[in-house]
Amino acid sequence: MSSQENAEDTIYNVLINDEEQYSIWPAGMPIPLGWREAGKSGLKAECLEYVKETWTDMRPLSLRKHMEEAVSSA
């Protein structure tokens, strides 16, 4: 881990993938394949709080859809 990642003033972006899973990533770094910006950036604590409030169902999107289909077809 670089000293930049440990700095309290590092700005992060909240990322989301196609399974609606969230992560934070240092702003200015290339976004990993399969991820896109979720529209929130800020200090680490702010981004983590956003993720905590937003990502309330930890199940991947594909699992949620599968479970909904199973319930509706029962």
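Owing to the predicted nature of the structure, the values given are computational and were not obtained by experimental measurement. (Residues numbered from 1 in each chain as written. Predicted model: local features only at pLDDT ≥ 70, side-chain atom pairs only at ≥ 80, totals over all residues. Heavy atoms only, no water.)

Some points on the overall build of the protein chain
Counting its regular elements, the protein chain contains three helices and three strands. Listing each helix as α and each strand as β along the protein chain from the N terminus yields α-β-β-β-α-α. Rg of the C-alpha trace for the protein chain: 15 Å, well past the compact-globule value of 11 Å for 74 residues, more than 25% over. Each of the three principal axes of the protein chain carries a C-alpha extent, and together these read 55 × 25 × 20 Å. Taken across its 74 residues, the protein chain has 22% of its residues classed as buried. Relative to all contacts within the protein chain whose residues are 6 or more apart in sequence, the contacts with residues 24 or more apart total 42%. Here the protein chain has roughly 5400 Å² of accessible surface; of this, 54% comes from carbon and sulfur atoms. Distance from the positive charge centre (7 side chains) to the negative charge centre (13 side chains) of the protein chain: 4 Å. (Helix = DSSP H or I, 4+ residues; strand = E, 2+ residues; numbered from the N terminus. Rg over C-alpha atoms; globule rule 2.2 N^0.38 Å. Buried < 20%, exposed > 50% of the residue type's maximum accessible area, 1.4 Å probe, protein only. Contact = heavy atoms within 4.5 Å. Areas by Shrake-Rupley, 256 points an atom, 1.4 Å probe, with all protein chains shown as cover. Lys, Arg positive; Asp, Glu negative; His and termini not counted. Charge placed at Lys NZ, Arg CZ, Asp CG, Glu CD.)

A closer look at the environment of Met 29
In this fold, Met 29 is placed in the loop between strand E2 (22-26) and strand E3 (35-43). The sequence separation of Met 29 and Val 14 amounts to 15 residues, and the corresponding C-alpha distance is 12 Å.

What to know about the nonpolar core
Looking at soluble globular proteins, one finds that nonpolar side chains tend to be buried together. Core analysis: the largest hydrophobic core is formed by eight residues, namely Tyr 12, Val 14, Ile 16, Tyr 22, Ile 24, Cys 47, Val 51 and Trp 55. Those elements that provide at least two residues to this core are strand E1 (11-17), E2 and helix H2 (44-54). When residues in this core are grouped by element, the largest group, three residues, is from E1. If we ignore the near neighbours within four places in the chain, the residues touching Trp 55 are Glu 20, Gln 21 and Tyr 22. (Core = buried A, V, L, I, M, F, W, Y, C linked by side-chain atoms within 4.5 Å.)

Here we look at the sheet that holds E3
Reading across the sheet, the three strands line up as E2-E1-E3 and stay open at both edges, with antiparallel pairing between neighbours. Strands at the two margins of the open sheet, each flanked by one partner only, are E2 and E3. Pairs of neighbouring strands in the sheet enclose a mean axial angle of 30°, with direction left out of account. Two strands pair when backbone bridges link them, and E1 and E3 are joined in this way by six bridges, in the antiparallel orientation. Pairing of Ile 11 across the sheet is with Leu 43, part of E3. Helix-sheet contacts for H2 involve E1, E2 and E3, and the interaxial angle to E3 is about 125°. (Pairing = 2+ DSSP bridges. Axes fitted to C-alpha atoms, helices over the stretch in contact; angles between N-to-C directions.)

Regarding the environment of Ile 16
With respect to the element layout, Ile 16 can be found in strand E1. Ile 16 sits 18 residues away from Gly 34 along the chain, and the two C-alpha atoms are 8.5 Å apart. If near-sequence neighbours (up to four positions away) are discounted, Ile 16 is found in contact with Gln 21, Tyr 22, Gly 34, Trp 35, Arg 36, Glu 37 and Ala 38.

Honestly, that's just the spatial picture; any functional story needs more than this.
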